[in-house]
Amino acid sequence: MSIVESFDLYAPRLVDKEEYFSFGHRACQGCGEALAIRLMCKALGKDTVIVNATGCMEVVSSLYPTTAWKLPWIHVAFPNSASVGSGVEAGLKVLRRKGRIPDRDVKAVSIGGDGGTVDIGIQALSGAMERGHDLLYVCFDNEAYMNTGIQRSGATPFGASTTTDPAGLASFGKKAWKKNVAEIMVAHNVPYVATACHSYPLDFMNKVKKAVKVKGPSYIHCLSVCPTGWRLPPEQCIKAGRMAVQTGIFPLYEVEDGKYRMTIETRELRPVEEYLKLQGRFRHLSEDEKKVIQERVNQEYKRLMNKVECLPSWSDL
Ligand SMILES: Cc1ncc(C[n+]2csc(CCOP(=O)(O)OP(=O)(O)O)c2C)c(N)n1
């Protein structure tokens, strides 16, 4: 039996069968973010407190009087998911010290969309990382303000059409490049930073498990495909995530104590065209504009590879 075959045979048994983010929520068909949340919760397990900034995942999961959450869950405003997460972590520490709760490692996990993280909550996030809280922050990046109607964010990619940067006669979509928050977190010298995508579920869950084991702050930036906002059929969600990774647009790597390691093999990159053509938000781009994107991807990928010390190994599976 090859290594790949044995992986297929044994890996599913390692995944928790319990659902902590339940079915019955109101996410759109084919929502990558809902899948990513479900996978994250499986990796975290029950000893977790989730702090959720407003955004799609809060809106779809907590329509009064129902909830999709089977974990302790706090809904907070856009700017302060990381601040409330810091408070939860500090509170848990004190309660444990005073013997008011069992001496068990209950983890505080703050989550937010790209609007709530890359733009509105970045100040609180930076503060929490700098103060060194024992906190995991996961950004679910669907590349726009989706729950309010697909407005551009700092994480929207160059050239994408959104309702505030629409493609038309006077505009070709977003004019700025995507903000790289994973690298901003690396610059905070936190012990663990990773990029992830729901289309590589075991890779994502392994990173979540690793991140919560770290003593101190950790950050995961999870690309989350949004069929509604990206203008693609719901059944293309997983493929779009894979194409983002395989074209080098969104490489999967982790940075442990400053050491970069690729976790998914992408030495032979596919042309970005294969990713762009799946999505209506890039439909208007000219060949020249696509070339600009390809050149930028090549440049960024080369810059990343210059920092990478380890390539993926079979043991990552
Ligand atoms: C402090 C603050 N700023 C702005 C808004 C307006 N607002 C409502 S939803 C939203 C965007 C949400 O985007 P994101 O965090 O990416 O979550 P998504 O809906 O895409 O999951 C914004 C800016 C707000 N409610 N509060």
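Report on the accompanying structure. Here the structure is a predicted model, which means the values were calculated and not measured. (Residues numbered from 1 in each chain as written. Predicted model: local features only at pLDDT ≥ 70, side-chain atom pairs only at ≥ 80, totals over all residues. Heavy atoms only, no water.)

1. A short note on the site of the ligand
So, step 1. The environment of the ligand is formed by 16 residues, the closest being Cys56, Gly115, Gly116, Met146 and Asn147.
So, step 2. Separating an oxygen atom of the ligand from a backbone N or O atom of cysteine 56 is a distance of 2.9 Å.
So, step 3. The contact in question runs from an oxygen atom of the ligand to an N or O atom on the backbone of methionine 146, over 2.9 Å.
So, step 4. Protein chains shield 72% of the accessible area of the ligand, which is 600 Å² for the free molecule.
So, step 5. Of the residues contributing to the shell around the ligand, the split by class is 7 nonpolar, 7 polar and 2 charged. (Near = heavy atom within 4 Å. Polar contact = N/O pair within 3.5 Å; in protein donor to acceptor, adjacent residues only side chain to side chain. Areas by Shrake-Rupley, 256 points an atom, 1.4 Å probe, with all protein chains shown as cover. Nonpolar A, V, L, I, M, F, W, Y, C, P; charged D, E, K, R; others polar.)

2. Thoughts on the packing of aromatic side chains
So, step 1. By the definition in use, this model includes 8 aromatic pairs.
So, step 2. Ring geometry for phenylalanine 21 and tryptophan 69: centres 4.9 Å apart, planes at 65°, overall edge-to-face. On the criterion of sequence distance, the pair formed by phenylalanine 21 in the loop between helix 1 (3-10) and helix 2 (32-44) and tryptophan 69 in the loop between helix 3 (56-61) and strand 2 (73-76) is long-range, its members being 48 residues apart.
So, step 3. Residue classification places phenylalanine 21 among the buried positions, given a relative accessible area of 2%.
So, step 4. Pairwise contacts between aromatic rings join Phe21, Trp69 and Trp73 into one cluster. (Phe/Tyr/Trp six-rings, centres within 6.5 Å; stacked < 30°, edge-to-face > 60°. Helix = DSSP H or I, 4+ residues; strand = E, 2+ residues; numbered from the N terminus. Buried < 20%, exposed > 50% of the residue type's maximum accessible area, 1.4 Å probe, protein only.)

3. With respect to the packing of helix 2 against helix 8 (residues 201-213)
Relative placement of two packed helices is described by the angle separating their axes and the distance separating the axes.
So, step 1. Interhelical geometry of helix 2 versus helix 8 gives an angle of 45° and a closest axis separation of 9 Å. Considering their axes alone, helix 2 and helix 8 lie oblique with respect to each other. Where helix 2 crosses over helix 8, the two elements pack in a sense that is right-handed. In this structure, helix 2 contributes Ala36, Leu39, Met40, Lys42, Ala43 and Leu44 to the contact, and helix 8 contributes Pro201, Phe204, Met205, Val208, Lys209 and Val212. (Axes fitted to C-alpha atoms, helices over the stretch in contact; angles between N-to-C directions. Parallel < 35°, antiparallel > 145°, perpendicular 65-115°, else oblique. Left-handed = near helix turned anticlockwise from the far one by under 90°. Contact = heavy atoms within 4.5 Å.)

4. Some points on the layout of surface pockets
Any empty space left between atoms is shown by rolling a water-sized probe over those atoms.
So, step 1. A volume near 710 Å³ is recorded for the largest pocket.
So, step 2. Taken together, 30 residues make up the lining of the largest pocket; nearest its centre are Lys178, Asn180, Ile249, Pro251 and Glu300.
So, step 3. For the lining of the largest pocket, the secondary structure elements donating two or more residues are helix 7 (181-186), strand 6 (218-223), helix 11 (273-276) and helix 12 (287-307).
So, step 4. No other element matches helix 12, which puts 8 residues into the lining of the largest pocket.
So, step 5. When grouped by side-chain class, the residues that make up the lining of the largest pocket number 18 nonpolar, 4 polar and 8 charged. (1 Å grid on protein atoms, 1.4 Å probe; cavity = no way out; pocket = protein on both sides within 12 Å on 5 of 7 lines; lining within 4 Å. Points joined across faces, edges and corners; volume = space filled by probe spheres on them.)

5. Considering the environment of valine 84
So, step 1. Take valine 84: it is sitting in helix 4 (residues 81-97).
So, step 2. Spatially, the C-alpha atoms of valine 84 and lysine 207 are 23 Å apart, while their sequence positions differ by 123 residues.
So, step 3. Ignoring anything within four residues of it in the chain, the contact list for valine 84 reads Val51, Ile74 and Val76.

6. Structural notes on helix 2
So, step 1. For helix 2, with 13 residues, the first-to-last C-alpha span of 18 Å sits near the 18 Å given by 1.5 Å per residue.
So, step 2. Across the 13 residues that make up helix 2, a large majority, 11, are buried.
So, step 3. Buried within helix 2 are the following residues: Gly32, Glu33, Ala34, Ala36, Ile37, Leu39, Met40, Cys41, Lys42, Ala43 and Leu44.
So, step 4. Positive phi appears at glycine 45, one or two residues downstream of helix 2, with a value of about 80°. (Expected span 1.5 Å × (residues − 1).)

7. Remarks on the sheet that holds strand 4 (residues 135-141)
So, step 1. Spatially, 2-1-3-4-6-5-7-8-9 is the arrangement adopted by the 9 strands of the open sheet, whose pairing is mixed. With one partner strand each, in any of the chains shown, strand 2 and strand 9 (308-310) form the two edges of the open sheet. Along the sheet, successive strands turn relative to each other by an average axial angle of 25°, direction set aside.
So, step 2. As defined by bridge partners, strand 1 (residues 48-53) adjoins strand 2 across 4 bridges and the pair is classed as parallel. Looking across to strand 2, one finds that asparagine 52 is bridged to histidine 75.
So, step 3. In the packing of helix 4 onto the sheet, the strands contacted are strand 1, strand 2, strand 3 (107-113) and strand 4, and the crossing angle to strand 3 comes to about 175°.
So, step 4. Across the face of the sheet, helix 8 comes into contact with strand 3, strand 4, strand 5 (192-197), strand 6, strand 7 (253-256) and strand 8 (259-262) while running at roughly 160° to strand 5. (Pairing = 2+ DSSP bridges.)

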